[in-house]
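# Architecture at a glance
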Amino acid sequence: MAGLVVKPRARILHGHDWVFSSEVLKIFGDPADGDVISLKDGRDRLIGSAIYNSKSQITARRFSRQRQDLDLDFFKRRIAQAAEYRARRHVDSKLCRVVWSESDGLPGVIIDRYGDHFVLQTLTLAMDMRKDLIANAIVDLFGLVTIVERNDAPVRKAEGMEAHTGVLEGPAPSGPIGIEISGTRQSASLQFAIDLLHGQKTGFYLDQKANYQIVAEHAAGRRVLDCFADEGAFALTCARAGAADVAVVEENSENIAAGKRNAERNGLKVRWIEQDVFQFLRAAEKANAQYDLIILDPPSFTKTKSGLRDALRGYRELHVRAFKLLSKDGLLATFSCSHHVSEAAFSQTIADALVDARRSARKLRRFEQAIDHPVLPTIPETEYFKGILFEMMPGR
């Protein structure tokens, strides 16, 4: 088997599973992009099997500490292990992330399940070359299901791949499919229609599924503002929980149209505002508007370390304006899905925003990514999500 020798201080020798191009000491056997290769240390000891791509900064991604090929049995075993973990953690098996990339030993593979529909993303070249094997493994494990390919993520460009969307297995969805999201303890569940072929991510933000209910527990009787709302899942859950008024700010007209259909489907009244969130908040501040619960759930502000400073500047302005719009005992639920923004940096930016806004707040709880998006301590990149619920308090 072809492979590479890693440098003495490579992070893979300390528990990580990636080998960056700068950490390669020597390549042997002339591997082709997408091949399975062996990894060795400077003493010629095997440290695992990996997938190889010379076009990527991450030259190799280890998927086993032993000599292992990527065959059907391997994919069936890894996907079954991932599903068993979620069943053991009492995750809804029909509405969850079944596989989360490196966290489940399948680098670059994401599988989300919506009932009898599975959505597959293969974000690394080697896994993309074997997506038919992965689809066969899913069918062998779960039966006759529909498997949708959502390979339109920009990150594929780093691996030298084009975007692809379509159906790999089973009948194509004739339109949006229905899912059910839990309401609060006092309110009924909600019905959502999601578009697996064209919707955000793989159709729905499964990493926020539990948080819709948690935030809505505080919504009864409150004036709610849902910013960066996508299709309004937070807003609709709050409306169902008895919010006095719910306003949604989202600049994508297609998301608003889908949100309006879901609001009508559930018999809920929500005000939809098609506008850039920063522009809306500036105007709301000038108009002396006030809200009792604000939700900030923006898309990632940076995909790279080099963009961190601008991202933190954006988060700071966002929170300053939100704090100025909150009532004296208002609540702020704020989230970040930017991996490069650490939890410490996120918290410090919010603290700085409180000072700028001349407000005081108590932290009520922190949010983490859902348990079906597991985090590996040795691979920090598996953790991207963080959030905090604040309650405003009198100034000191």
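Look above for the structure.
Residues numbered from 1 in each chain as written. Predicted model: local features only at pLDDT ≥ 70, side-chain atom pairs only at ≥ 80, totals over all residues. Heavy atoms only, no water.

With that settled, the discussion passes to unusual backbone geometry. Despite not being glycine, aspartate 30 shows a phi value in the positive range, around 55°. Note on placement: aspartate 30 falls in the loop between β3 (24-28) and β4 (36-40). For aspartate 30, a relative accessible area of 70% translates into the label exposed. Phi at histidine 90 is positive, roughly 60°, even though this residue is not glycine. With respect to the helices and strands, histidine 90 occurs in the loop between α1 (72-88) and β7 (95-100). (Helix = DSSP H or I, 4+ residues; strand = E, 2+ residues; numbered from the N terminus. Buried < 20%, exposed > 50% of the residue type's maximum accessible area, 1.4 Å probe, protein only.)

So, about the sheet that holds β7. Paired through their backbone hydrogen bonds, the strands of a sheet run either parallel or antiparallel. The five strands lie next to each other as β7-β8-β9-β10-β11, forming an open sheet whose pairing is mixed. Each end of this open sheet is capped by a strand with a single partner; those strands are β7 and β11 (164-169). Shown here is a sheet whose adjacent strand axes are inclined to one another by a mean of 20°, direction ignored. Relative to strand β9 (residues 117-122), strand β8 (residues 109-114) is paired through six bridges, and the arrangement is antiparallel. Across the sheet, residue aspartate 112 finds its bridge partner in β9, namely valine 119. Each of β7 and β8 is contacted by α1, which is oriented at about 135° to β7, the strand it contacts most. With respect to the sheet, helix α3 (residues 131-142) is in contact with β7, β8, β9, β10 (146-151) and β11, its orientation differing from that of β9 by roughly 150°. (Pairing = 2+ DSSP bridges. Axes fitted to C-alpha atoms, helices over the stretch in contact; angles between N-to-C directions. Contact = heavy atoms within 4.5 Å.)

On to the nonpolar core. Tyr114, Phe192, Phe204 and Val215 are the most contacted members of the largest nonpolar core, which has 48 residues in total. Per element, the largest residue contribution to this core is six residues, and it comes from helix α5 (residues 233-240). With residues near it in sequence (within four places) discarded, tyrosine 114 still touches Lys94, Leu95, Val119, Ile177, Ile179, Ile194, Leu196, Thr202, Gly203, Phe204 and Leu206. In this structure, Phe228, Ile273, Ala322 and Phe390 belong to the second largest nonpolar core, which totals 32 residues. (Core = buried A, V, L, I, M, F, W, Y, C linked by side-chain atoms within 4.5 Å.)

This brings us to the pattern of salt bridges. Inspection of every chain in the model, using the stated rule, returns 28 salt bridges. Measuring nitrogen to oxygen at the nearest pair gives 2.9 Å for the salt bridge that ties aspartate 41 to arginine 45. Since its relative accessible area comes to 47%, arginine 45 is described here as partly exposed. Because the salt bridges share partners, they merge into one network encompassing Arg282, Glu285, Glu317, Arg321 and Lys324. (Salt bridge = Lys/Arg side-chain N within 4 Å of Asp/Glu carboxyl O.)

Now for the sheet that holds strand β15 (residues 245-249). Pairing in this open sheet of seven strands is mixed, and the strands run β16-β15-β14-β17-β18-β20-β19 from one edge to the other. Two strands lie at the open edges of the sheet, namely β16 (271-273) and β19 (360-368), each paired on one side alone. Pairs of neighbouring strands in the sheet enclose a mean axial angle of 15°, with direction left out of account. In terms of strand pairing, strand β14 (residues 223-227) meets strand β17 (residues 291-296) through four bridges, oriented parallel.

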